Amino acid sequence: MNNPADTEAPTDGDAVFSDLRSAQMALLGRAAGGEREVLDVFLDYLRWVVAQKVRGLTEEQARRSLVASETTLAGILHHLMLVERNWFQRIVGGRGSAELELPPSNAEDTWDVPAGATLDSLIADYERECARSRETAARFGLDDVFEHEEVGGLSLRWILVHMIEETARHAGHADILREQTDGRTGDGD
């Protein structure tokens, strides 16, 4: 069996972990790792959890609103895909919002699932965007600073921690919505 600490995260859009056990072992395998290694594996784990939360659902289940807001499992996937794109392609990568097809600065627009999107396409888009984020972030060090138009300079370290916070918060939302949908709980499988 491979040592999880030696396993490199793929960058081709495939899921980083094949199952819950490999995800958990990757986290444990990096428990004594350096700061960058720990930040990267926790973010990848949370990304994987979010995608797992929607697997096996019907299109209708993924779009069902079960809370007072219009939050849905499909909406969480779409929102997080755009958040990844904003932070890693726009802020870190220096690309323009129009080029990246990002909605205007209204955060509510990031929850609107495109009409023709399927659950499979949403998962694939999210995983592909996460892979692009990994590739972009890998070119920089934790202390590299990127300009944000509202707050000024932000280090890659700050961006990674923020993405862990953002992804973890929505993984929690997805956990609740999935439990309300079909009773499934837990991080994966």
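Residues numbered from 1 in each chain as written. Predicted model: local features only at pLDDT ≥ 70, side-chain atom pairs only at ≥ 80, totals over all residues. Heavy atoms only, no water.

Draft legend 1. Structural detail: the pairing of strand β2 (residues 152–155). Bridge count for strand β1 (residues 145–148) against β2 is four bridges, and the pairing is antiparallel. The residue of β2 that forms the bridge with His-148 is Gly-152. The turn linking β1 back onto β2 is made up of three residues. (Pairing = 2+ DSSP bridges. Helix = DSSP H or I, 4+ residues; strand = E, 2+ residues; numbered from the N terminus.)

Draft legend 2. Fine view of the packing of aromatic side chains. This structure, assessed with the given rule, holds four aromatic pairs. Their ring planes at 85 degrees and their centres at 6.2 Å tell us that Phe-17 and Trp-48 sit as a pair that is edge-to-face. Linking Phe-17 in the segment before α1 (20–29) with Trp-48 in helix α2 (residues 35–54), this pair joins segments that are 31 residues apart in sequence. A residue is classified by how much of its surface remains accessible, and Phe-17, at 8% relative accessible area, is buried. Taken together through their ring pairs, the aromatic side chains of Phe-17, Tyr-45 and Trp-48 make up a single cluster. (Phe/Tyr/Trp six-rings, centres within 6.5 Å; stacked < 30°, edge-to-face > 60°. Buried < 20%, exposed > 50% of the residue type's maximum accessible area, 1.4 Å probe, protein only.)

Draft legend 3. Spotlight on the side chain of Lys-53. Tracing the chain through its elements places Lys-53 in helix α2. Within the structure, the side chain of Lys-53 is placed 2.6 Å from the side chain of Asp-175, a separation counted as a polar contact. When near neighbours in sequence (up to four residues on either side) are disregarded, Lys-53 contacts Leu-73, Ala-174, Asp-175, Arg-178, Thr-185, Gly-186 and Asp-187. (Polar contact = N/O pair within 3.5 Å; in protein donor to acceptor, adjacent residues only side chain to side chain. Contact = heavy atoms within 4.5 Å.)

Geometry only, nothing functional implied.
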